[in-house]
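Single-letter residue listing:
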2 protein chains.
Amino acid sequence: MKTVRLDQIEKSLVTIDGASKAWRQLALGRADGAPTVSFRVFTLEPGGHTPYHTHAAEHMNYIIEGAGCLVDEKGTEHPVQAGDFAFVAPNEKHQYRNKGPALFKMICAVPKEYE
Amino acid sequence: MKTVRLDQIEKSLVTIDGASKAWRQLALGRADGAPTVSFRVFTLEPGGHTPYHTHAAEHMNYIIEGAGCLVDEKGTEHPVQAGDFAFVAPNEKHQYRNKGPALFKMICAVPKEYE
């Protein structure tokens, strides 16, 4: 059993290609003994975004704060805001964009092998 | 890809033994094609709690709102509040209790077989 406050978790800038003004925190994962998935949190500054990309792992998301969009394979923006859940299937092209004036913060669960 | 607002998801009373004033929503799961885990949301009314029990599945939790506690195997209450994450290992006895005057709401991710 473990409990942890989000603001106590180390934050690192996402440096992979296509990401901008995006920060990553590992809230719960393999080091905690998580057997199935890991919970990461991504924070996008105003104007920030994750890469527009695909990968073999799915995303299970919950928007903690802010307003933004989830871009689909056709480039269509689906608005999301605090209180929304989102599912991105394996190999589905996607991107999160912060569309608001404040921070956009979301949980992104992935199979632990991809944490 | 799917997006859904929490307040649009059907809510049902948890009727299993040991639960009190607890409501369940299935935010994302097998019906959405989730390959690994399902995201449920539990809402505890003031004084409400989940069962004090064990099971083979782990819990990956995020507290959306309110203040409560996570009870461990020894009966010790670990305070949790909005913005906290918690991990309950497989077969670890546990219970969530709402300790505040308002609703206590949390995400509870489990392997999809246990949704």
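Relevant structure appears above.
Residues numbered from 1 in each chain as written. Chains lettered and ligands numbered in written order. Predicted model: local features only at pLDDT ≥ 70, side-chain atom pairs only at ≥ 80, totals over all residues.

## Here's the deal with the relation of the copies chain B and chain A
1) Next: Of the two same-sequence chains, chain B is brought onto chain A (RMSD 0.0 Å, axial shift 0.0 Å) by a rotation of 180°. On this basis, the relationship between the two copies can be described by a two-fold rotation axis.
2) Next: When the interface residues of chain B are mapped onto chain A, 97% of them again lie at the interface, so the same face is used by both copies. (Least-squares fit on C-alpha atoms with pLDDT ≥ 70 in both. Contact = placed C-beta atoms within 7 Å.)

## Side note on the interface of chain B and chain A
1) Next: If you look at the interface, chain B gives 36 residues, while chain A gives 35 residues.
2) Next: Contributing elements (two or more residues each) for the side of chain B that touches chain A: strand S1 (2–5), strand S3 (20–28), strand S4 (37–49), strand S5 (59–65), strand S7 (77–81), strand S8 (84–88) and strand S10 (104–111) of chain B.
3) Next: Among the elements that take part in the side of chain B that touches chain A, S8 of chain B stands out by supplying five residues, more than any other.
4) Next: Taken together, the residues of the side of chain B that touches chain A sort by class into 22 nonpolar, six polar and eight charged.
5) Next: One ladder, built from four bridges, connects strand S8 (residues 84–88) of chain A with S1 of chain B; its direction is antiparallel. Paired with phenylalanine 87 of chain A across the strands is lysine 2 of chain B, a residue of S1 of chain B. (Helix = DSSP H or I, 4+ residues; strand = E, 2+ residues; numbered from the N terminus. Nonpolar A, V, L, I, M, F, W, Y, C, P; charged D, E, K, R; others polar. Pairing = 2+ DSSP bridges.)

## Re the nonpolar core
1) Next: With 56 residues, the main nonpolar core has Met106, Ile107 and Ala109 of chain A together with Met106, Ile107 and Ala109 of chain B as its most contacted residues.
2) Next: Setting aside residues no more than four positions away along its own chain, methionine 106 of chain A makes contact with Val41, Phe42, Asn61, Tyr62, Ile63, Ile64 and Tyr96 of chain A. (Core = buried A, V, L, I, M, F, W, Y, C linked by C-beta atoms within 7 Å. Buried ≥ 20, exposed ≤ 12 C-beta atoms within 10 Å, placed from the backbone.)

## A short note on the environment of isoleucine 9 of chain A
Residues and elements named next belong to chain A.
1) Next: With respect to the helices and strands, the residue isoleucine 9 is situated in the loop between strand S1 (2–5) and strand S2 (12–13).
2) Next: Judged by C-beta crowding, with 15 C-beta atoms within 10 Å, isoleucine 9 ranks as partly exposed.
3) Next: Once the C-alpha coordinates of isoleucine 9 and arginine 97 are considered, the two residues, 88 residues apart in sequence, prove to be 23 Å apart.
4) Next: Excluding its chain neighbours within four sequence positions, the residues that come into contact with isoleucine 9 are Val4, Gln25, Leu26 and Ala27.

## Brief notes about the pairing of strand S5 (residues 59–65) of chain A
Residue and element names in this part refer to chain A.
1) Next: With six of seven residues buried, S5 lies mostly within the body of the structure.
2) Next: Where S5 lies against S8, four bridges are found, and the strand directions are antiparallel. Within S8, the residue paired with tyrosine 62 across the bridge is phenylalanine 85.
3) Next: Note: S5 against strand S10 (residues 104–111), five bridges, orientation antiparallel.

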